[in-house]
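As a plain string of letters, each chain reads:
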Amino acid sequence: CARPSAVAAPAMEEGPALGGRRAGLCVLCGLPAAGKSSLARGLRLRLPRRRGWDCALLAYDELIPPEAFAPAARGAAPSGRDPLPSRWKCHRQELLRCLERFLQALPTGGPLSTPAGCAEATWKRFVACCQEQGLLSSQAPDAGDCHYLANMTISRPLYFILDDNFYYQSMRYEVYQLARKYSLGFCQIFLECPLEQCLQRNRLRSDPLPDQTIYQMATKIEMPDLENNAWEKNSLILKSSECPLEDNLQIIDLLANALENPVKQNEENTEQKEVDRAICAASTVHQADQTCRRIISQAMKDAKDKNVHPSDMKNLAEELNKLKAEFLEDLRQGSHLKNRICQQNSGPVTSVTSSFQYEATTIVNKYILK
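Residues numbered from 1 in each chain as written. Predicted model: local features only at pLDDT ≥ 70, side-chain atom pairs only at ≥ 80, totals over all residues. Heavy atoms only, no water.

The name given to the protein in an unreviewed UniProt entry is PSTK kinase, with the source organism recorded as Crypturellus soui.

S.K.: I tried to follow the overall build of the protein on my own but got confused; where do I start?
M.R.: On a plain count of helices and strands, the protein comes out with 13 helices and five strands. Across the 370 residues of the protein, 47% fall into the buried class. Considering only contacts in the protein between residues 6 or more positions apart, those separated by 24 or more positions represent 77%. Of the roughly 18,700 Å² that the protein leaves accessible, carbon and sulfur atoms contribute 50%. (Helix = DSSP H or I, 4+ residues; strand = E, 2+ residues; numbered from the N terminus. Buried < 20%, exposed > 50% of the residue type's maximum accessible area, 1.4 Å probe, protein only. Contact = heavy atoms within 4.5 Å. Areas by Shrake-Rupley, 256 points an atom, 1.4 Å probe, with all protein chains shown as cover.)

S.K.: I keep staring at the packing of aromatic side chains and nothing clicks. Help me out?
M.R.: In this description, a pair of aromatic rings is defined by centroid distance and the angle of the planes. Within the structure shown, the criterion is met by eleven aromatic pairs. Look at Phe102 and Phe160: their rings are 5.4 Å apart centre to centre, the planes differ by 85°, and that puts the pair in the edge-to-face class. On the criterion of sequence distance, the pair formed by Phe102 in helix α4 (residues 86-105) and Phe160 in strand β3 (residues 158-163) is long-range, its members being 58 residues apart. In this structure, Phe102 and Phe160 share a single accessibility class: buried. A ring pair is formed by Phe186 and Trp231, whose centres lie 6.3 Å apart and whose planes are at 45°; its orientation type is tilted. Here Trp231 lies in the loop between α8 (211-220) and β5 (235-239) and Phe186 lies in strand β4 (residues 185-192), a separation of 45 residues in the sequence. (Phe/Tyr/Trp six-rings, centres within 6.5 Å; stacked < 30°, edge-to-face > 60°.)

S.K.: What is the right way to read the side chain of Gln169 from this model?
M.R.: Residue placement: Gln169 occurs in helix α6 (residues 169-181). In this structure Gln169 touches Glu222, Met223, Asp225, Asn229, Trp231 and Glu232, once residues within four positions along its chain are discounted.

S.K.: Sorry if this is basic, but what is going on with the pattern of salt bridges here?
M.R.: Opposite charge on two side chains makes pairing possible when the charged atoms of those side chains draw close. Evaluated as defined, the whole model comprises eleven salt bridges. Arg22 is the partner of Glu260 in a salt bridge, and the nearest nitrogen-oxygen pair spans 2.5 Å. Highlighted residues: Glu260 in helix α9 (residues 249-260) and Arg22 in the segment before β1 (23-29), separated in sequence by 238 residues. Taking the relative accessible area as the measure of exposure, Arg22 reaches 36% and is therefore partly exposed. A salt bridge links Asp211 to Arg203, with the nearest nitrogen and oxygen atoms 2.8 Å apart. Three or more residues joined by partner-sharing salt bridges are found here, namely Asp289, Arg293 and Lys324. (Salt bridge = Lys/Arg side-chain N within 4 Å of Asp/Glu carboxyl O.)

S.K.: Looking at this structure, I do not really get helix α7 (residues 195-203). What am I missing?
M.R.: Residues spaced three or four apart along an α-helix face the same direction, because each turn holds 3.6 residues. Within the sequence span of α7, burial applies to Cys198, Leu199 and Asn202. Buried residues of α7, seen end-on, are gathered within an arc of 100° and therefore sit on one face of the element. In this structure, the buried residues of α7 make contact with α8. (Arc of directions from axis to C-beta.)

S.K.: Hey, could you run me through unusual backbone geometry in this one?
M.R.: Positive phi outside glycine occurs at Phe166, with the angle close to 45°. Structurally, Phe166 can be placed in the loop between β3 and α6. A positive phi angle is found at Ser183, which is not glycine, with a value near 55°. Tracing the backbone shows Ser183 in the loop between α6 and β4.

S.K.: What's the story with the sheet that holds β4 in this structure? I'm lost.
M.R.: Sheet strands pair via backbone hydrogen bonds, and the direction of the pair is either parallel or antiparallel. What the five strands build is an open sheet, ordered β2-β3-β1-β4-β5; its pairing is parallel. Of all strands in the sheet, those bounded by a partner on one side alone are β2 (54-59) and β5. Looking at each pair of strands side by side, their axes are set apart by 20° on average, direction ignored. Of the strands in this sheet, β1, β3, β4 and β5 are in contact with α9, which crosses β4 at around 155°. (Pairing = 2+ DSSP bridges. Axes fitted to C-alpha atoms, helices over the stretch in contact; angles between N-to-C directions.)

S.K.: Mind showing me how you'd approach the nonpolar core here?
M.R.: Here is a general trend for soluble globular proteins: nonpolar side chains tend to be buried in one another's company. By size, the foremost hydrophobic cluster in this structure holds 74 residues, and its most contacted members are Phe102, Phe160 and Ile189. Ranked by the residues each element gives to this core, the list is headed by α4, at eight residues. (Core = buried A, V, L, I, M, F, W, Y, C linked by side-chain atoms within 4.5 Å.)

S.K.: Could you clarify how one ought to interpret the packing of helix α1 (residues 36-51) against α9 in this entry?
M.R.: Any two packed helices are characterised by how steeply their axes cross, that is the angle between the axes, and by the distance between the axes. Interhelical geometry of α1 versus α9 gives an angle of 70° and a closest axis separation of 12 Å. In terms of axis orientation, α1 runs roughly perpendicular to α9. Taken as a pair, α1 and α9 cross one another with a handedness that is right-handed. The segment α1 lies against α9, with Leu39, Leu43, Leu47, Arg50 and Arg51 engaging Leu249, Ile251, Ile252, Leu255 and Ala256. (Parallel < 35°, antiparallel > 145°, perpendicular 65-115°, else oblique. Left-handed = near helix turned anticlockwise from the far one by under 90°.)

S.K.: What exactly am I supposed to notice about α8 here?
M.R.: Of the positions making up α8, those classed as buried are Thr213, Ile214, Gln216, Met217 and Lys220. Taken end-on, α8 shows its buried residues confined to a sector of 165°, consistent with a single buried face.

Given below as structure tokens:
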């Protein structure tokens, strides 16, 4: 993971579907000890019997080595920082590469070899996991480091259940991108569980996480936003106390609907556009704020040079700062203005700051000419 490519998200160029086979990716998310692993194991056992689907479970806690947690195990992460170490993020990216390599082999049956940018140890753990679940055949003596898919009936849908915390939307969005690239079904199940109950369950585990890690994750966790994120529309938010969840008809309907309505490769990337607009807006407001501060500083200097009375200087500063706050708030709220500014070649804050400059000068002249 020393190279930048090892931690970057996998390239999501559009590619072919999986040779006509229906497949889906189901993301389980929620706080540690919320009940995700129990649900994942239940689905792994019941879906083949109830729906005739092939089902594979990718449990991140089992596929990522214990040393990836070492920094968190020694103590709490500093305030404001991600509670999970960067090595954990690196391994998550490698697992996505392994999954993509498997998906690429589905239409032809293999062979599979270690994906680029993925550690050999990670690939071996992934292969062993797939072999245990009957997805990969045992390696032939002359196969080298290649592996082949086990004989699976193409008419049977295949579901991958991804069991991790996925506490940021961006983590789940990477899986959605993979589903879009290969025209797979995609859905999410978010398990709600009271923080204290998660802490109590975690403490009973053989290798518990530090309480502080769960506390910090609880402040950062982002639930699926079904209204504003089009890519999260196939999501369920369930109470973890509802047992047994694997028999919940809502879950079965969610999984079936995702299979019947795979993500389209050319589907408009609404979420990414929203993210880009948010980044653009934040950048615009920041630049405008910095420029307005410089204008105010110069205006105060001009007023002082013109011998404006100290009491008036105080009033002038208050007026200018109030004006700045109003301009920035208008900029935040005026989406049409933000989008237009972001598209200008002459500069992102030119129109805003020129207007501010004009009104600030008018206020300063009022005090100078007093």
